[in-house]
Amino acid sequence: MLLSGEEIKRKLNDTIVIEPFDENRINPNSYNLTLHHELLVYEEVILDAATPNRYRRLEIPAEGITLQPGLLYLGRTVEHTETKDSAPMIQGRSSLGRLGLFINPGGSLGNVGYCGTWTLEMHCVQPVRIYANMQICQIYYLQVQGECGGYGPGKYQNSCDIQPSLMYRELGGDDHDGQMELNFDELLHESR
């Protein structure tokens, strides 16, 4: 069963948390989440699921940033969410899909008890300009039927930043080889 917008509002600050919350972004059966001002882009030619991959952090300026086809951009929501009795899902907004920008294709199913911001996987079919704080995706909630234990300390639980893939942990990778953030501006400055 999908929760209505009114039911989402009724459960706010009880079994559903959305912070910050803006009542103007409630829909008939979802809530629009906004885009944080930073993105990550991997700096590898081949992404390897068994090892951490290097990435670069990009700031979205006030005039927006143009995403390019053929690249995977990772962003995150401004909003921190938490659910206690339903399964949250996020999906890109159809208005952005109509511009050729795809957010978490196929949707992202969260677990009951997930707490944190949402990392967004974004790619486009032609160049498209996006902006910080734009309404980027929708969160909706599915009522879970039957016994369901709470979501424990998973890889992405309590996230408050963009989370690159941590699949390497499942494949025996070691956290001491953590993903390396490349800061080209600092490297360029040091070389002068």
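What follows covers the overall build of the protein chain. For the protein chain, the helix and strand inventory stands at four helices and 15 strands. In the protein chain, which comprises 192 residues, the proportion classed as buried is 41%. Pairs at least 24 apart in sequence give 73% of the contacts found in the protein chain among residues at least 6 apart. When the accessible surface of the protein chain is split by element, carbon and sulfur atoms take 50% of a total near 10,500 Å².

It is worth spelling out the nonpolar core at this point. Of all hydrophobic cores here, the largest spans 32 residues; its most connected members are L35, L39, L67, L101, M122, I130 and I136. Residue assignment for this core shows that the elements contributing at least two residues are β1 (16-19), β2 (31-34), β3 (38-42), β5 (65-67), β9 (101-103), β12 (119-124), β13 (128-130) and β14 (135-143). For this core, the leading source of residues is β14, giving four residues.

Okay, the sheet that holds strand β11 (residues 115-116) next. Across the sheet, which stays open at both edges, the three strands sit in the order β1-β7-β11 with antiparallel pairing between neighbours. In this open sheet, the two edge strands, each paired with only one partner strand, are β1 and β11. Pairing of β1 with strand β7 (residues 80-83) involves four bridges; the strand directions are antiparallel. Looking at the pairing, I16 lines up with T83 of β7.

In this section: the sheet that holds strand β8 (residues 86-92). Judged by pairing direction, the sheet is antiparallel, and its four strands sit side by side in the order β2-β14-β8-β10 without closing on themselves. Two strands lie at the open edges of the sheet, namely β2 and β10 (108-109), each paired on one side alone. Bridging between β8 and β10 involves two bridges; their strand directions are antiparallel. The partner of I90 across the bridge, within β10, is S108.

Across the two faces of β7 the burial differs, with T81 and T83 buried and H80 and E82 not buried at all. Here two bridges tie β7 to β11, and the two strands are oriented antiparallel to one another. Considered in β11, the bridge of T81 is made with G116.

Our focus in this paragraph is the pattern of salt bridges. Applying the stated rule across the entire model yields ten salt bridges. Salt-bridge contacts for E7 lead to R10; the nearest nitrogen and oxygen are separated by 2.6 Å. Placement of the pair is E7 and R10 together in helix α1 (residues 5-11), with a separation of three residues, close to one helical turn. The class for E7 is partly exposed, based on a relative accessible area of 23%. R10 sits in the exposed class, given a relative accessible area of 58%. Among the ionic pairs, K11 bridges to D85, the shortest N-O distance being 2.8 Å. Residue K11 is found in helix α1, and its partner D85 is found in the loop between β7 and β8; the two are separated by 74 residues along the sequence. One network of salt bridges, with partners in common, ties together E6, K9 and E23.

Of note, the bond from E19 into P20 is cis; its omega dihedral lies within 30 degrees of zero at -5 degrees. Along the polypeptide, P20 turns up in the loop between β1 and β2. Residue N13 is not a glycine yet carries a positive backbone phi of 65 degrees. Residue placement: N13 occurs in the loop between α1 and β1. Judged by relative accessible area, which is 62%, N13 ranks as exposed. With a phi close to 70 degrees, N133 is a non-glycine residue in the positive phi region. Relative to the helices and strands, N133 resides in the loop between β13 and β14.

Rules and cut-offs
- Residues numbered from 1 in each chain as written.
- Predicted model: local features only at pLDDT ≥ 70, side-chain atom pairs only at ≥ 80, totals over all residues.
- Heavy atoms only, no water.
- Helix = DSSP H or I, 4+ residues; strand = E, 2+ residues; numbered from the N terminus.
- Buried < 20%, exposed > 50% of the residue type's maximum accessible area, 1.4 Å probe, protein only.
- Contact = heavy atoms within 4.5 Å.
- Areas by Shrake-Rupley, 256 points an atom, 1.4 Å probe, with all protein chains shown as cover.
- Core = buried A, V, L, I, M, F, W, Y, C linked by side-chain atoms within 4.5 Å.
- Pairing = 2+ DSSP bridges.
- Salt bridge = Lys/Arg side-chain N within 4 Å of Asp/Glu carboxyl O.

Distances and angles like these do not, on their own, reveal function.
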